[in-house]
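Structure assessment
As a plain string of letters, each chain reads:
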Protein chains: 2
Amino acid sequence: MRQFVVIAHQAPTTPDFSLDDLAGDGGRLDLLCRCVNAGLLLSHGIRDARVHLVLGEQTTVRFDGRTARGLHPDERSTAARIRDALAARPDAIGHQPATVAPGVDLYRMGLAETLEAVAEDAGGPVCRLHEEGTPIVEIDPPRAPAFILSDHRDLTADEEAALGDHVDYRLRLGPEAIHADHAIAVTHNWLDTAGFRTY
Amino acid sequence: MRQFVVIAHQAPTTPDFSLDDLAGDGGRLDLLCRCVNAGLLLSHGIRDARVHLVLGEQTTVRFDGRTARGLHPDERSTAARIRDALAARPDAIGHQPATVAPGVDLYRMGLAETLEAVAEDAGGPVCRLHEEGTPIVEIDPPRAPAFILSDHRDLTADEEAALGDHVDYRLRLGPEAIHADHAIAVTHNWLDTAGFRTY
């Protein structure tokens with residue numbers, strides 16, 4: 001399974017934001033929604049992949065393509081799922097998530113705990129997408145990797161520290177700095193072309 | 001310059017649609033907005049590229065990264081630009097477009113005329129992205145190409161006929177059928193990695 005961990009820096013952790021202003025009031029939730037779309041959706045199907053949106057200290061929303069149903073590619077409908085998940089936060093207790101729809105779960109976990117869980121599940125390397133990483137054309141495409149991306153902001157020192165030993169290597173997709181959702185699309189294409197399937 | 005021509009099949013050609021329902025009432029305008037985003041936006045800048053949205057018989061909205069200012073990546077703000085362009089349609093006369101913002105123009109042109117204009121401007125080959133095309137790994141990345149994509153629907157027989165002699169070759173990005181916006185992101189990465197610049 002391919003996994004993507006997207007680290008957000010301005011995203012809401014409570015459901016009191018407007019679906020009409022995802023880029024402003026919604027703390028760039030538009031970008032996170034496009035990451036879910038890029039991570040999970042094929043033209044006519046859903047990938048066997050997971051997208052973890054780390055929204056805050058104790059708040060990670062996980063979209064699992066293996067069990068998700070009825071996901072739409074537009075930002076607004078995905079943002080509505082995230083809002084539902086945030087509203088259900090009180091139902092998440094310890095390591096038990098709150099499930100608001102098939103394949104959409106809210107965990108009371110921050111970055112460090114999410115990375116631990118992902119590294120345990122991954123089955124392949126944990127790769128950080130980074131402008132100073134090794135160009136992907138120079139390495140063998142990995143099976144079942146997990147990728148770590150940031151939203152529109154760089155990681156903080158605390159986040160860099162949390163990545164710690166979890167990152168196996170840093171990868172660069174190309175010479176340009178591109179948006180996280182486009183990076184996910186490129187990553188999928190790289191692994192698809194290598195012959196690995198996600199469905 | 002890289003160009004992308006996206007052929008829409010359900011998109012509005014009048015401005016009377018709601019920004020709250022781009023995927024429904026808006027005729028999958030969400031996808032077209034993401035295509036503009038993928039075609040023009042880098043993480044911190046705008047590409048020297050053009051995206052032509054062919055919305056109907058006599059309605060093409062062109063986004064030009066060379067002159068566009070203040071474009072945001074979220075679907076809603078791009079859809080608002082398209083709505084403004086559709087509202088200004090009466091100002092477009094003959095081959096003179098209606099300009100509603102820097103780099104955003106509405107032309108009274110359908111697919112055939114848009115393709116003619118693009119082929120004339122392209123400077124490089126006109127490529128159709130197609131599941132049965134030649135894999136991109138088998139060809140030399142072209143300079144200044146134009147790419148033709150469809151939205152979520154296949155081309156009609158009339159549209160296939162309009163492509164006619166304008167298409168130099170058909171290309172396939174990978175083994176999976178992916179959304180048009182993701183295809184644009186992959187295409188950019190392919191050409192970026194080949195050392196071609198768009199800014």
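Refer to the structure printed above.
In this report, the structure presented in the accompanying data block is examined. Not measured: the values here are computed from a predicted model.

Regarding the interface of chain B and chain A
Counting from both sides, the interface comprises 33 residues of chain B and, opposite them, 34 residues of chain A. Counting the surface chain B buries against chain A, the share from its top three residues, Glu176, His179 and His182 of chain B, is 19%. Here chain B and chain A share 4 salt bridges between them. For arginine 76 of chain A, the salt bridge goes to aspartate 20 of chain B, with nearest N and O atoms at 3.5 Å. At the surface where chain B touches chain A, the tally comes to 13 residue pairs in polar contact (both at pLDDT 80 or more). Of all the elements, helix H5 (residues 180–193) of chain B adds the most residues to the side of chain B that touches chain A, at 6 residues. Residues that form the side of chain B that touches chain A fall into these classes: 13 nonpolar, 9 polar and 11 charged.

Focus on the sheet that holds strand E10 (residues 169–172) of chain B
Residue and element names in this part refer to chain B. Taken in spatial order, the 8 strands line up as E6-E7-E5-E4-E1-E9-E8-E10 in an open sheet, and their pairing is mixed. Looking at which strands have only one partner, the edges of the open sheet turn out to be strand E6 (98–101) and E10. Neighbouring strand axes in the sheet, compared pairwise and without regard to direction, differ in orientation by 30 degrees on average. Sheet analysis places strand E1 (residues 2–7) next to strand E4 (residues 49–56), joined by 6 bridges and oriented parallel. Counterpart to phenylalanine 4 in the pairing with E4 is valine 51. Of the strands in this sheet, E4, strand E5 (59–64), E6 and strand E7 (104–107) are in contact with helix H2 (residues 75–87), which crosses E5 at around 130 degrees.

Side note on the environment of glycine 70 of chain A
Structurally, the position occupied by glycine 70 of chain A is in the loop between strand E5 (59–64) and helix H2 (75–87). Put simply, glycine 70 of chain A and alanine 101 of chain A are 31 residues apart on the chain and 9.4 Å apart in space, counted from C-alpha to C-alpha.

As for the relation of the copies chain B and chain A
Mapping between the two chain copies consists of a rotation about an axis together with a translation along that axis. Note on the identical chains: chain B maps onto chain A by a rotation of 180 degrees and an axial translation of 0.0 Å, with an RMSD of 0.0 Å. Seen this way, the second copy is the image of the first under a two-fold rotation axis. Across chain B, the rotation axis passes nearest the C-alpha of valine 186 of chain B, at a separation of 2.6 Å. A share of 100% of interface residues in chain B that are also interface residues in chain A marks the association as one of identical surfaces.

Examining the side chain of histidine 52 of chain B
All names here are of chain B. Relative to the elements of secondary structure, histidine 52 occurs in strand E4. On the accessibility criterion, histidine 52 (5% relative accessible area) is buried. Side-chain polar atoms of histidine 52 contact the side chain of glutamine 3, separated by 2.8 Å.

Quick word on the packing of helix H5 (residues 180–193) of chain A against H5 of chain B
Axes are the key here: two packed helices are described by the angle between their axes and the distance separating the axes. Where H5 of chain A meets H5 of chain B, the axes come as close as 8 Å, and the angle between the chain directions of the two elements is 75 degrees. Between H5 of chain A and H5 of chain B, the angle falls in the class roughly perpendicular. Taken together, the residues of H5 of chain B that come into contact with H5 of chain A (itself represented by His182, Ala185, Val186 and Asn189 of chain A) are His182, Ala185, Val186 and Asn189 of chain B. Among the residues making up the contact of H5 of chain A with H5 of chain B, the classes are represented as 4 nonpolar, 4 polar and no charged.

The rules behind these values
- Residues numbered from 1 in each chain as written.
- Chains lettered and ligands numbered in written order.
- Predicted model: local features only at pLDDT ≥ 70, side-chain atom pairs only at ≥ 80, totals over all residues.
- Heavy atoms only, no water.
- Contact = heavy atoms within 4.5 Å.
- Buried area = accessible area lost by both parts, 1.4 Å probe.
- Salt bridge = Lys/Arg side-chain N within 4 Å of Asp/Glu carboxyl O.
- Polar contact = N/O pair within 3.5 Å; in protein donor to acceptor, adjacent residues only side chain to side chain.
- Helix = DSSP H or I, 4+ residues; strand = E, 2+ residues; numbered from the N terminus.
- Nonpolar A, V, L, I, M, F, W, Y, C, P; charged D, E, K, R; others polar.
- Pairing = 2+ DSSP bridges.
- Axes fitted to C-alpha atoms, helices over the stretch in contact; angles between N-to-C directions.
- Least-squares fit on C-alpha atoms with pLDDT ≥ 70 in both.
- Buried < 20%, exposed > 50% of the residue type's maximum accessible area, 1.4 Å probe, protein only.
- Parallel < 35°, antiparallel > 145°, perpendicular 65-115°, else oblique.

The values are spatial; any link to function lies outside them.
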